[in-house]
Amino acid sequence: MTSPDAATAAELDAQLRRASWVGMDPHAVPEFFPPIFDDRPGIARDLPPGRLLRTTFALDVVPDEAWLAATARGVYRAFLNGVRVGDDELAPGWTDYRHRVHVQHHEVAALLRPGVNVWAVELADGWWSGYLGMDRRHQAGVYGDTPSFRGALVCRAAERTQTVLTGEGWLIGTGHIRYADLLMGQMTDLSAEPLGWSTAPDVSHLAEFAPAWCDEALGVRLDPQRGPSIRATGSLPPVRIDALPGGRHLVDFGQNLVGRVRLQLRSVPPGTRIHIRHGEALSDGELYTENLRTARAHDIIVADGADRDVEPAFTFHGFRYAELRGHPGPLEPDDIRAIVIGSDVHRVGSFACSDPRLEQLERNIAWTIRGNLVSVPTDCPQRDERLGWMGDAQLIMRTANAQFDVAEFIGKWLVDIRDGQSEDGAYPDVAPRIVVDVDGSPGWADAGVLVPWTTALYTGRIDLLEEHRESMERFMSSLERDNPSGIREHALQRNYGDWVSLGPPTPKTLVATAYSARCADALAASARLTGEDPARWEALADRIRTAFRGRFVGDDGLLHDETQTAYALAIMCGLLSEGDLGRAGARLASLIDAAGGALDTGIHGLRHLLPALTVSGQLDCAYRVLLREGHPGWLAQLAAGATTVWERWDGWTPEQGFQTPAMNSFNHYAFGSVGEWMYEWMGGLRPDPASPGFAHAVIRPHPGGGVTHCRVERTLPAGMLAVEWRIRDGVLRLEVEVPPGHTARVHVPVVHTRATAGEAERHSWDTYDVQHGRHRFESPFDGDWAPAARVDWRGEA
């Protein structure tokens, strides 16, 4: 997709407003015929066919410039003279369709010719009218009943401009897309594709086509696309193909991914029906699909006898394994590929260390994040949900920003969040706001403040804070209004608490109040960056802290309710006095020891756990939790063969098998928030809140856990920002690379020796301010280095 200049964009917008929606009459009742076959998977029998739209227009000459503006209530692919326009998948993407639909712009002069041209469109339900979410009472047709397309084509040659719009004269028919649904899958009958439907000037001989239904009303705001397009971003060959009973083939792609299967048909007899089922795991050597719930994730291909590559266009699945039934003869590795799709965000961060398990964990986190960025940040890509859960997104946001350039993606999603905001200021649990149509819960709604702040912190996109400042302030005002005492105990909505916690429950009001404090701090920091007065939000944060200590902290500085999550939140949200930090960290470590050295938090405690241990003087305990090989822990998932992060610690265990299929995703990024600690604390590369976008970086590595080497990098517009440390022969060698125009404050871990007693102090740093260039530091170091509790860390939060 390309971008026109401002004048052309304005003209395209004006012409698009003159166009009509074209599609199937939503009030028409289709004829009903007896089924010819009954091998569709369950609910797919009731799915409508994809629609084919077309029109023709004549050009005297090839235009010097031609632009297509296109959108759909549904998902579409456009063609000019049989050639696909652009490489977007599932366009126009998912927005809150009650508020806006995105428009794509493409320069298409090279696809046009003198004489008669054909403009054709494939159209399917997508998020508009297909199956969406997990509300089985209202699972399809959330926004509308039938999809429709709207477009404007502007061609310029010499002094002449010619415009072609959707509207009267367009034809609609059906053909090779027997059905297509994001959750249920797609059936493609190659033998049913109408001959020449996208290329022939005249299709009067094709009975499939009739005049399309037209509606001139806009119905919804049309906005230029914001954020990266969904695209095919990779291709994976199979690592193993096994023959199963009944002529089936089981294909392992070696990686849990999000996308579709591309099948190469060679000498396949016409009429052959090939069924492709998808799953994340195996059970007794067979495809495990119970955790998909009502999502069928089942594609069907009917061959026409021609040699070709076939891939469904209007669905996607979360899977590692594919089972094929009906494929004639042997299935060779070259016959099949997994095509990875997702919003086209680019990798900007990298992590490497001496422990290959941690490198694999970081890769798993990256695959999980990338797989769940499909127009919105989703909870999971495989089952009947795939919603923009805000709690999961705000927990993973620092990790996502460390690994990927997500600023434009998040900029788009923040509009979805704002579109879902209630009149009184409350944010929803999910954005776009569907299915879970209630005001948001603590830890979920707070994403409306924490996500723009975190993204601006990492990328320097202060404009995101300016754009959403009024919305963020309305949310904080609603919290203040509903909870004047400072304790967040009212308007809690569904109040999930520390979701999927394994340990004793943490009081939900504690979790909620901690998030209020963090949001107040973030809004104050945002105000300082945008030139606003932060005093109101600083005062609110102070009131919340005072109230928190009065309600939850004893005279001894410890919490009344002692859970791992409670201490992790209290420490990392700055809710304890400075004098209590070390004592709280020691108590948190003792709770972990009492749990056999294991964490027992839910998703909110988890994100804060290792940082809390680190700043409170318990670095060794943080490494023990990270490197624990038993359940629950990240390495236990790796040992079980995980290639993405699981939704539950016990998603599968050797003793109990699979967890309940009602909620058991194997591609769910909440527990991947540990990546934040790996980049920022272990590797030591953090943005400075006073100079966001790494204009000034804070570099403070925390070696430990027997790891002898670590390197983290971030690609900036000015060049590479990198931190690398290595321990050898009792010496720590630290190398820092700073690109032009950037600065850094480097804290070098060091063991100082007291001159009088010969004692080693194992808890300090030497500090240096550096500018552009490569910088090397060395200091004595041993494996017992353990920094004390730090009271200066809050400036880096």
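Heads up: the structure comes first, above all this text.
Throughout this description, residue numbers start from 1 for each chain and increase along the sequence as written. Totals for whole chains, interfaces and linings use all residues, but because this is a predicted model, local features are given only for residues with pLDDT of at least 70 and pairs of side-chain atoms are given and counted only at 80 or more. The basis for the side-chain values is all heavy atoms of the structure; hydrogens and waters are excluded.

Student: Honestly, the pattern of salt bridges in this entry has me stumped. Any pointers?
Tutor: Each reported salt bridge corresponds to a side-chain nitrogen of Lys or Arg within 4 Å of a carboxyl oxygen of Asp or Glu. Under the counting rule described, the total for this entry stands at 65 salt bridges. The salt bridge partner of Asp87 is Arg231, with a shortest N-O separation of 2.9 Å. With Asp87 in the loop between β5 (83-84) and β6 (100-107) and Arg231 in strand β16 (residues 230-236), this pair connects stretches of sequence that are 144 residues apart. The buried label applies to any residue whose accessible area, calculated with a 1.4 Å probe on protein chains only, is under 20% of its type's maximum; exposed applies above 50%, and partly exposed to all values in between. For Asp87, a relative accessible area of 39% translates into the label partly exposed. Each helix is a run of DSSP H or I of at least 4 residues and each strand a run of E of at least 2, with the numbering of both proceeding from the N terminus.

Student: Sorry, what's going on with the pairing of strand β11 (residues 177-181) here?
Tutor: Residues in a regular strand project their side chains so that they alternate between the two faces of the sheet. Among the five residues in β11, four count as buried, and that is most of the element. Strand pairing is assigned whenever DSSP detects at least two bridges linking the two strands. Looking at chain direction, β11 and strand β12 (residues 185-189) are connected through four bridges and run antiparallel. Across the sheet, the residue bridging to Tyr179 is Met187, located in β12. Between β11 and β12, which pair antiparallel and follow one another directly, the connecting turn spans three residues.

Student: Where do I start with the sheet that holds strand β4 (residues 75-80) in this structure?
Tutor: Each strand in a sheet pairs with another by means of backbone hydrogen bonds, the pair being arranged parallel or else antiparallel. In space, the six strands of this open sheet follow the order β5-β4-β7-β2-β10-β13, with antiparallel pairing throughout. In this open sheet, the two edge strands, each paired with only one partner strand, are β5 and β13 (210-211). Across six bridges, the pairing between β4 and strand β7 (residues 115-124) is antiparallel. From the neighbouring strand, Val75 faces β7, where its bridge partner is Ala124.

Student: Looking at this model, I keep getting lost on the environment of Leu165. Mind explaining?
Tutor: Its place among the elements puts Leu165 in strand β9 (residues 160-165). Between the alpha carbons of Leu165 and Ser204 there is a distance of 21 Å; along the sequence they are 39 residues apart. Note on contacts: a residue pair qualifies if any of its non-hydrogen atoms lie within 4.5 Å across the two residues. Apart from the residues lying within four places of it in its own chain, the contact partners of Leu165 are Gln15, Arg18, Ala19, Gly151, Ala152 and Trp170.

Student: Got a minute to help me understand the sheet that holds strand β35 (residues 709-716) in this structure?
Tutor: Spatially, five strands are ordered β27-β35-β36-β37-β40 in an open sheet, and the strand pairing comes out antiparallel. Strands at the two margins of the open sheet, each flanked by one partner only, are β27 (349-353) and β40 (773-780). Adjacent strand axes in the sheet meet at a mean angle of 10 degrees, parallel and antiparallel pairs treated alike. In this sheet, β40 lies alongside strand β37 (residues 731-738) in antiparallel orientation, the contact comprising eight bridges. What sits directly across from Glu735, in β40, is Arg776. Strands in contact with helix α15 (residues 674-682) are β27, β35 and β36 (719-728); relative to β27, the strand with the most contacts, it is inclined by about 80 degrees. In this analysis an axis means a line fitted to C-alpha atoms, helices contributing only their contacting stretch, and an angle means the value between N-to-C directions, from 0 to 180 degrees.

Student: Please explain the packing of helix α4 (residues 390-403) against helix α6 (residues 447-459) as it appears in this structure.
Tutor: Angle between the axes and distance between the axes are the two parameters that describe a pair of packed helices. Orientation of α4 relative to α6, taken along the N-to-C sense of each, is 5 degrees, at an axis distance of 9 Å. Comparing their axes, α6 and α4 come out roughly parallel. Each of Met390, Gln394, Met397, Arg398, Asn401 and Ala402 in α4 lies in contact with α6, whose residues at this interface are Ala447, Gly448, Leu450, Val451, Thr454, Thr455, Leu457, Tyr458 and Thr459. Taken together, the residues that form the contact of α4 with α6 break down as eight nonpolar, six polar and one charged. When an angle is under 35 degrees it counts as roughly parallel; over 145 it counts as roughly antiparallel; between 65 and 115 it counts as roughly perpendicular; any other value is oblique. Ten residue types, Ala, Val, Leu, Ile, Met, Phe, Trp, Tyr, Cys and Pro, are classed as nonpolar, four, Asp, Glu, Lys and Arg, as charged, and the remainder, Gly among them, as polar.

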